[in-house]
Amino acid sequence: SLGRKGCGCLLLLASRAAEGNLKKWGLQLNRHKIIVNSKQETSVAGIYAAGDCCSYDGKIDLIATGLGEAPTAINNAMNYIYPDQKIQPKHSTSL
């Protein structure tokens, strides 16, 4: 399957976001950080963010936190692109 026809998806993995450009995209910001939900979704459909560039209630700004957010963002982006497929992350022991 080719996924959503004409689908665009953007995954932001960054240490710091350029606030001016993000405002142009229509993303909701908390100061200079992109607001995301528990799926790492931003306020704009098809745009996901992880790492120091994003913000959510209770976020702890550690490298380990960003490393955990990345697979969440990627998995949910894949589900956005391929909504008819059940896409589940793989455990390293099953690869």
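Just above sits the structure.
So, how was this worked out
Residues numbered from 1 in each chain as written. Predicted model: local features only at pLDDT ≥ 70, side-chain atom pairs only at ≥ 80, totals over all residues. Heavy atoms only, no water. Helix = DSSP H or I, 4+ residues; strand = E, 2+ residues; numbered from the N terminus. Buried < 20%, exposed > 50% of the residue type's maximum accessible area, 1.4 Å probe, protein only. Contact = heavy atoms within 4.5 Å. Core = buried A, V, L, I, M, F, W, Y, C linked by side-chain atoms within 4.5 Å.

A. A look at unusual backbone geometry. At arginine 31, a position not held by glycine, the phi torsion is positive, near 60°. Relative to the elements of secondary structure, arginine 31 occurs in the loop between strand E2 (29–30) and strand E3 (33–35). In this model, glutamine 40 sits at a positive phi of 65°, which is unusual for a non-glycine residue. Positionally, glutamine 40 belongs in the loop between E3 and strand E4 (47–50). For glutamine 40, a relative accessible area of 4% gives the class buried.

B. How the structure looks around the environment of serine 55. As for its placement among the helices and strands, serine 55 is situated in strand E5 (residues 54–55). Judged by its relative accessible area of 13%, serine 55 falls in the buried class. Separated by 15 residues in sequence, serine 55 and glutamine 40 place their C-alpha atoms 9.3 Å apart. Leaving out residues up to four positions away in the same chain, serine 55 has contacts with Asn30, Lys33, Ile34, Ile35 and Val36.

C. Structural context of the nonpolar core. Grouped together as the largest cluster of nonpolar side chains are 8 residues: Leu22, Leu27, Ile34, Val36, Ile47, Ala49, Cys53 and Cys54. In this structure, Tyr48, Ala50, Ala77 and Tyr80 belong to the second largest nonpolar core, which totals 5 residues.

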